[in-house]
Amino acid sequence: MKRTPRLALHAAAVLLTVTSASEAAADDGSGPFGVTTVAAANWPTARVGPLFNGGQHHCTASVVRSPHRNLIVTAAHCLDNGDGNLVFVPGYRDGRAPYGKWKVLERYMPEGWSKGQDEDSDVAFATVEGDIQDVVGGNRFVTGTATGATAVTVTGYPSSRALPISCTNKPTAHSRTQQRIDCPEFTGGTSGSPWVNGNGQVVGVLGGHEQGGATADVSYSVVLGAEAAALYRDVVG
């Protein structure tokens, strides 16, 4: 369990106003680097939403492409708790659900997590009831990408807020199996946030080491490799 669990921390986010900074290259994401803002309401962020269990949202998930058009990805520790009432709300803002509320059906976790909660296996998929991909689209889930090959944009929902936040930066290696990113104010509730590169590919999912990070300013993801690829194939096969 993370020392300060990202799915339970309720610190208020202090967001920075962007005035000037170096913009990222087109394939690196939207830039500027290392600045957290309220995420714009657009199609890329419509694919991201909080996971609700009852009246509270505790984690973030996002839609990824799949043959059955009903798949979301999040951190495995986000799916450990809760009963059958888990609901995904893409594009959630200020209490509104512009693209509907989608009941979570089946949950899929890698063996490394289900058998031992290995932090190197902290990524998971779930299906929802209905063809959500037809409504908001979906990002490609991609494994085997070199850490830091491009910048990524991380979008997530702090539990203390009803709006998504977003930050773009280049990940760096924490270890052979974990990558990290420096982005401020990613507090509790942002576990499961997708790391999306400029090509619309999910190359990380906030979680992993310390269940996503012991501080709000540094976040982690499992390096998406063979285990994540095998899990995706099993789910969509």
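Bear in mind that the values here come from a model prediction, so they are computed numbers and not experimental data.

Trainee: It is not clear to me how the overall build of the protein should be interpreted in this structure. Could you clarify?
Mentor: On a plain count of helices and strands, the protein comes out with four helices and 15 strands. Counting only residues that meet the buried cut, the protein has 54% of its 237 residues in that class. Carbon and sulfur atoms make up 48% of the accessible area of the protein, which totals about 9800 Å².

Trainee: Honestly, the nonpolar core in this entry has me stumped. Any pointers?
Mentor: Counting 20 residues, the largest nonpolar core has L51, I72, F88, V104 and I132 as its most contacted members. Residues contacting I72, with those up to four places away along its chain left out, are L51, A61, S62, V63, V64, F88, V104, A124, F125, A126 and V128. In this structure, V73, V196, V202 and L224 belong to the second largest nonpolar core, which totals 15 residues.

Trainee: Looking at this structure, how should I read the environment of T127?
Mentor: Position of T127 relative to the elements: it lies in strand 7 (residues 124–128). With 64 residues separating them in the primary sequence, T127 and V63 have C-alpha atoms 9.6 Å apart.

Trainee: I would appreciate a short explanation of the packing of aromatic side chains in the present structure.
Mentor: Given two aromatic rings, their pairing is described by the distance between the two centres and the angle made by the two planes. Using the criterion set out here, one finds six aromatic pairs in the structure. A centroid spacing of 5.2 Å and a plane angle of 70 degrees characterise the contact between F52 and Y92, whose relative ring orientation is edge-to-face. One end of the pair, F52, is in strand 2 (residues 48–53); the other, Y92, is in the loop between strand 5 (86–88) and strand 6 (102–108), with 40 residues separating them in the sequence. Residue classification places F52 among the buried positions, given a relative accessible area of 11%. Seen in terms of ring centroids, F141 and Y232 are 5.7 Å apart; in terms of plane orientation they differ by 25 degrees. Their pairing is stacked. Remark: Y232 occurs in helix 4 (residues 226–236) and F141 occurs in strand 8 (residues 140–141); sequence separation between them is 91 residues. No difference in accessibility class separates F141 from Y232, as the two residues are buried. The structure contains a cluster of three or more aromatic residues connected by ring pairs, namely F52, Y92 and Y157.

Cut-offs applied
Residues numbered from 1 in each chain as written. Predicted model: local features only at pLDDT ≥ 70, side-chain atom pairs only at ≥ 80, totals over all residues. Heavy atoms only, no water. Helix = DSSP H or I, 4+ residues; strand = E, 2+ residues; numbered from the N terminus. Buried < 20%, exposed > 50% of the residue type's maximum accessible area, 1.4 Å probe, protein only. Areas by Shrake-Rupley, 256 points an atom, 1.4 Å probe, with all protein chains shown as cover. Core = buried A, V, L, I, M, F, W, Y, C linked by side-chain atoms within 4.5 Å. Contact = heavy atoms within 4.5 Å. Phe/Tyr/Trp six-rings, centres within 6.5 Å; stacked < 30°, edge-to-face > 60°.

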